[in-house]
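Take a look at the letters that make up each chain.
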Amino acid sequence: MTRADRGAQALGIPGGVLMERASVGMSRAILDSFGPLAGRRVLVAAGGGNNGGDGFVIARELYRAGADVAVFATKDEYGGDAAVNLDVLRNLAVRLVGRDAFSEELAGADLVVDALLGTGFEGEVRGDLSGLIREINDAAAPVVAVDVPSGVNGSTGEVEGPAVRADLTVCAHAAKVGCVVSPGGDHAGRVEVVDIGIPPEAEVEAATTWTDAASLRGVVPRRTGAAHKYSAGSLLIVAGSSSATGATVMVGRGAQRAGCGIVFVVTSESAAHRVDAALTEALVSGAPEDGDGLMSGDAVEHILGMSERASAIVLGPAAGVGEGGRRLVEGILNGTDLPILLDADAITNLPGPGALAARSGPTVITPHAGELGRLLGTGAKEVSARRLSSARRTAEESRSCVLLKGTDTLVAEGERVAVNSTGTHALATAGTGDVLSGVIGALLSRGADPYDAARTGAWAHGRAAELWLERTGRPVESMVATDLFEYLPEAFAELL
Ligand SMILES: NC(=O)C1=CN([C@@H]2O[C@H](COP(=O)(O)OP(=O)(O)OC[C@H]3O[C@@H](n4cnc5c(N)ncnc54)[C@H](O)[C@@H]3O)[C@@H](O)[C@H]2O)[C@@H](O)CC1
Ligand SMILES: [K+]
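- The protein appears in an unreviewed UniProt entry as Bifunctional NAD(P)H-hydrate repair enzyme from Rubrobacter marinus.
- Database annotation for the protein, UniProt heading Subunit (unreviewed entry): "Homotetramer."

Here it is as structure tokens:
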């Protein structure tokens, strides 16, 4: 954003013009959501930088719309465009209030505009600003954040101290990373983007992008007229144990609904007939198991033999954790160059991200924060606090594609990170992760590259859950993972 902003100014567009356009657009968005504001009390809290400058223009615009506007400015002296716009307010019937009157204004406000800190902020909020932020969060009035909720790092989504909890965040030019990546994203409320007039010459290619349907056009591999079941994608699923067959079935059915031509399954010998009965269209075989009913290291040979008929492998769900599992994972990773997706127990069986770096074939891992925390040795809490950098770091150290699950599922590979746009908390239920592995595995088997397979899979999986909610009108709590199968085809249809 900073580079796009500077680029526009280097082309000759004055910073004050960008500020005016941003703030006028934001004001319109505010009025659309909370208007009409005639006679209503609005409190604008403005910080010392250009985010505060935006706040001054928004104050002027909402005043023009008839609101009773009070502005609290944190600094005594302003410079540049912010100073110009603060001076305009002195000529209008907008009340400029001091810190002593802030709390009282806040108590009487119908709407609060948070223009304290924007993209110029990082680290932990210093000084009196943290007190202001706490007060805003305790107030009854709805809160609109300008560009980024104050206290949220706009570039990473990290939150190190108090941060504003907004109902609406209005972003200039593009959604800020911090407004969509957790935990910052959980502070942003609804996110709206307003155009501020950045010309194409000043556009910057972002390292972090938003996976929406438009960004996936042309990415999903199509089945051609000359296809046979192998050319349409042949996936080998290595999963489950004698006592756990459900996950295997979920992966298989997810893969089938994501267009995989043929699914092979290898599972523990004593479970094979049950998986076979549940997966009508799949070819299921059993592999040697240990005393606990888990596939043992001895299963590697059988699995590698089966892999000769496959174009991708999904390795992991419910296969068990331990010495046998470790030998299994190691043997498969080193034994084939096929694209491999590792999930759940297969991730836990890895000694560290470096264990994947030596592979010559493509690898995708799909951990949640707990699994990634174990893999990195940092713990789930640290991963949850720094999702973007944790995913990036893992992608770098493992030289793999990393899908970090969450409400803001991230897909990281090399320098790139994609933030998924679909999904609902209905997905917070057992088995949905297995379905996701199957979907991504199917896309890998159909020839999609790992990054595209992972972000397409995440998008379609989230979209299927949204469609289930829309079509059935049922409460989020009642969704089960198998509900996704009916809606995956419709989700994919939206991408074709
Ligand atoms: N031409 C431009 O530059 C445009 C800027 N825009 C607005 O300007 C914002 C960026 O402005 P700035 O770069 O001036 O930065 P900000 O206004 O986001 O932040 C700078 C202010 O925050 C304070 N600050 C920084 N770190 C702090 C910390 N840890 N604790 C307490 N205070 C801290 C600084 O002292 C300074 O007063 C954007 O978010 C957007 O709202 C938009 O108006 C679009 C155009
Ligand atoms: K803000």
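**Here's the deal with the domain arrangement of the protein**
Consideration 1: Once the domains are mapped, the protein shows domain 1 (2-206) and domain 2 (214-493).
Consideration 2: Of note, the centres of domain 1 and domain 2, computed from C-alpha atoms alone, are 41 Å apart.
Consideration 3: Grouping the amino acids of the side of domain 1 that touches domain 2 by side-chain chemistry returns 4 nonpolar, 4 polar and 1 charged.

**A few points about the site of ligand 1**
Consideration 1: With respect to spatial proximity, 26 residues lie near ligand 1, and among them Gly48, Gly49, Asn50, Gly118 and Gly120 are the closest.
Consideration 2: Broken down by secondary-structure element, the contributors of at least two residues to the shell around ligand 1 are helix H2 (15-34) and helix H3 (50-64).
Consideration 3: Among the residues making up the shell around ligand 1, the classes are represented as 10 nonpolar, 12 polar and 4 charged.

**Quick notes on the sheet that holds strand E12 (residues 312-315)**
Within a sheet, neighbouring strands are paired by backbone hydrogen bonds and run either parallel or antiparallel to one another.
Consideration 1: Read across the sheet, 10 strands follow the order E8-E17-E16-E15-E14-E13-E12-E9-E10-E11 without closing on themselves; strand pairing throughout is mixed. The open sheet has two edge strands with one neighbour each: strand E8 (208-211) and strand E11 (283-287). Shown here is a sheet whose adjacent strand axes are inclined to one another by a mean of 20°, direction ignored.
Consideration 2: Sheet topology note: the E8/strand E17 (residues 416-420) ladder contains 4 bridges and is parallel. Across the sheet, Thr211 pairs through a bridge with Asn420, a residue of E17.
Consideration 3: Most of the contacts of helix H11 (residues 323-335) go to E12, to which it runs at about 165°, and overall it touches strand E9 (234-238), E12 and strand E13 (340-342).

**What about the environment of Pro14?**
Consideration 1: Here Pro14 lies in the loop between helix H1 (2-10) and H2.
Consideration 2: Each C-alpha atom of the pair Pro14 and Thr348 lies 53 Å from the other, and the pair is 334 residues apart in sequence.

**Here's the deal with the pairing of strand E4 (residues 111-115)**
Consideration 1: Counting buried residues along E4, 5 of its 5 residues qualify, which places the element largely inside the surrounding structure.
Consideration 2: The two faces of E4 match: Leu111, Val113 and Ala115 on one face and Val112 and Asp114 on the other face are all buried.
Consideration 3: Two elements, strand E1 (residues 41-46) and E4, share 5 bridges in a ladder whose sense is parallel. The partner of Leu43 across the bridge, within E4, is Val112.
Consideration 4: As defined by bridge partners, E4 adjoins strand E5 (residues 143-146) across 3 bridges and the pair is classed as parallel. Considered in E5, the bridge of Val112 is made with Val143.
Consideration 5: After leaving E4, the chain enters helix H6 (residues 129-138) and then returns to the sheet as E5, a path that is right-handed.

**Thoughts on the UniProt feature "binding site: K(+)" (unreviewed entry) in the protein**
Consideration 1: UniProt records the feature "binding site: K(+)" (unreviewed entry) for Asn51, Asp114 and Ser150 in the present numbering. Across 100 residues, the annotated set stays spatially compact, with a maximum C-alpha separation of 9.6 Å.
Consideration 2: Within the secondary structure, Asn51 is located in helix H3.
Consideration 3: For Asn51, a count of 25 C-beta atoms within 10 Å puts it in the buried group.
Consideration 4: Residue contacts for Asn51: discarding those within four places in its chain leaves Ala115, Leu116, Leu117, Gly118, Gly120, Val146 and Asp147.
Consideration 5: Turning to its location among the elements, Asp114 is positioned in strand E4.

**Some points on the pairing of strand E2 (residues 68-73)**
Regular strands have side chains that alternate between both faces of the sheet.
Consideration 1: Across the 6 residues that make up E2, a large majority, 5, are buried.
Consideration 2: One ladder, built from 6 bridges, connects E1 with E2; its direction is parallel. Bridge assignment links Val42 to a residue of E2, and that residue is Val69.
Consideration 3: Handedness of the crossover is the feature at issue here: the chain leaves E1, passes through H3, returns alongside E2, and the resulting connection is right-handed.
Consideration 4: Inspection of the sheet shows E2 paired to strand E3 (residues 95-97) by 3 bridges, in the parallel sense. Residue pairing in the sheet places Val71 in a bridge with Leu96 of E3.
Consideration 5: Regarding the hand of the β-α-β motif, the stretch spanning E2, helix H4 (residues 80-90) and E3 is right-handed.

Criteria and thresholds
All residue numbers refer to position in the chain's written sequence, counted from 1. Chain labels run from A onward and ligand labels from 1 onward, assigned in the order the entries are written. Given that this is a predicted model, residues contribute local features only at a pLDDT of at least 70 and side-chain atom pairs are listed and counted only at 80 or more, while totals for whole chains, interfaces and linings are drawn from all residues. UniProt positions are given in the numbering used here, feature names are shortened, and annotations may be inferred rather than shown by experiment. Start and end positions for the domains come from either an automated domain assignment or a database one. Under the scheme applied, nonpolar residues are Ala, Val, Leu, Ile, Met, Phe, Trp, Tyr, Cys and Pro; charged residues are Asp, Glu, Lys and Arg; polar residues are all the others, including Gly. Nearness rests on one distance test: the residue's C-beta atom, set from the backbone, must lie within 6 Å of the molecule or strand. Only DSSP runs of H or I reaching four residues or more are called helices, and only runs of E reaching two or more are called strands; each is numbered from the N terminus. Two strands pair if DSSP finds at least two bridges between them. Helix axes are fitted only over the stretch in contact, all axes being lines through C-alpha atoms; the angle between N-to-C directions runs from 0 to 180 degrees. It is the C-beta atoms, placed from the backbone, that decide contacts: two residues are in contact if theirs lie within 7 Å. As a rule, residues whose C-beta atom has 12 or fewer other C-beta atoms within 10 Å are exposed, those with 20 or more are buried, and those in between are partly exposed; C-beta atoms are placed from the backbone. If you view a crossover with the strands going away from you and the path from the first strand over the helix to the second runs clockwise, you call it right-handed.

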